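What follows is the residue order along each chain.
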Amino acid sequence: MISGAVAVLGTFQSDFKTHDPDHTFVEQAQIAAAGVYRNAQMTPDDVDAIVISLAPTFFMGVADADRWAIDYVFGAGKPVFRVHTGGATGGSAVQAAHTLVASGLAQSVLIVGAERIAETPDAQKVLNLIFDAFYERDLPLSTNTMVAMRATTYMQRYGFKQEDIAQVVVRARRNATKNPHAHLKGHITVEDVMASKMIAWPLKLFDICPRSSGSAAMIVGNMKTAKRFASRPAFINGIGAMSDTYWLGDRMGPYADSDIIDYELIGQAARISYRQAGISDPLKQIQVTEFYDPYSINSAFSLEQAGFCGKGMALRLERDGYWDCEGGAVAVNPSGGTLCTNPIAITGLVRCIDAANQVMGIAGEMQIPNVRNALATASGGSAQFYNCTVFGSEPYLK
């Protein structure tokens, strides 16, 4: 039986960039582990178990790199296991650690991971392995063309132009100027986005996330551990995760259980997490979101499905600054989000860290005033996996 509050005791993330030639994978992971122990004022002896957040290791050409990292993240003699759900991995790892603590199997858990995606000359060749070998891979599909088809249908369905989704990029890059760890940042215009190289219509280079290298870590614990180590923890009050069918074709047409274009998996996962966290009106009760948005169009899917506005409304409200950090109804991705930083294995973990930091009031220049609840999400595979995590300033226990 799962019961009891689970708190975030410490967080750490490195600066992110395309390459990190000065460190190996395990050194990156060790930097994160040591950093979060310092942040939480804990030692490895204070942690019962370790969850390693590690997506495809094809990117760096090392099989089972989690085994390589155990000694480097101070895991010798402790239960250690790896979580891998593609881009959703980081969020899944946080939820796995939450379950270990909430179930009483552990009093505190370290979540740690690193990414070196730029070590492969062509990441798309690796990412394309998510598609079915017989029916989908030879179309040819890629993550870019898959999302482009979604974007095209969404724009036609709700009457938007390329300039409308370009506004999301402008906001993300602007927000990232206050994030010392962000990979891409700066004050750009819609015209700058429109002038960037076309990748897969309507998605241009600036509509798509970078390939980022770096590391991150979080420590979660029960109330006893929180009282010992944390003066102002963030509480994981709700977790929701959904998986869809492997074949894209089964998510299309009149007999599909969910709409692949509207991305209904987000809504299903969000509603589960909201029920657990006591969230009945996300627009009024959640002050910050950290959405997994590797493409500009993902922001609209996420806002609409997670209940912050109606279908087809997110980009219209974007024009009015509804999702801005200053003066908006909800601060959407104060960190700049995945559009600005995407270390795939830990992107979902970074989203959780940025959300938890907002609740704990330690987000630095990115801090939004009076954050009581924050939502973090992550998505993996061909939009096959999705998870939502709600962080609160107080524990919500039924």
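Fair warning: this is a prediction, and the values are worked out from it, not measured in the lab.

Of all the 8 residues making up helix α11 (residues 298–305), 8 are buried; the element is thus mostly covered by neighbouring parts of the structure. Looking at α11, one finds that the buried residues are N298, S299, A300, F301, S302, L303, E304 and Q305. Here the buried face of α11 lies against α5 (143–158), α6 (162–176), α9 (264–277), α12 (314–319), β10 (331–332) and β12 (385–392). Immediately downstream of α11, the backbone of G307 shows phi near 90 degrees, a positive value.

This brings us to the environment of G381. Relative to the elements of secondary structure, G381 occurs in the loop between β11 (373–380) and β12. For G381, a relative accessible area of 27% corresponds to the partly exposed category. Separated by 253 residues in the primary sequence, G381 and N128 place their C-alpha atoms 9.5 Å from one another.

Here the residue pair W201 and P202 is connected by a cis peptide bond, since its omega of 5 degrees sits within 30 degrees of zero. Looking at the element boundaries, P202 is found in the loop between β5 (198–200) and β6 (203–204). At N333, a position not held by glycine, the phi torsion is positive, near 50 degrees. Here N333 is to be found in the loop between β10 and α13 (347–360). Overall, N333 belongs to the buried group, its relative accessible area being 2%.

Rules behind the numbers
Residue positions are given per chain, counting from 1 as you read along its sequence in written order. Since the coordinates come from a predicted model, pLDDT governs what is reported: local features require at least 70, and pairs of side-chain atoms require 80 or more to be given and counted, while whole-chain, interface and lining totals use all residues. To get the side-chain values, take all heavy atoms of the structure and skip hydrogens and water. Relative accessibility thresholds used throughout: buried, under 20% of the residue-type maximum; exposed, over 50%; partly exposed, between the two (1.4 Å probe, protein chains only). By definition, any uninterrupted DSSP run of H or I lasting at least four residues is a helix, any uninterrupted run of E lasting at least two residues is a strand, and each is numbered from the N terminus. Throughout, a contact is declared for two residues whenever any of their heavy atoms are within 4.5 Å.

That is the geometry; function is a separate question.
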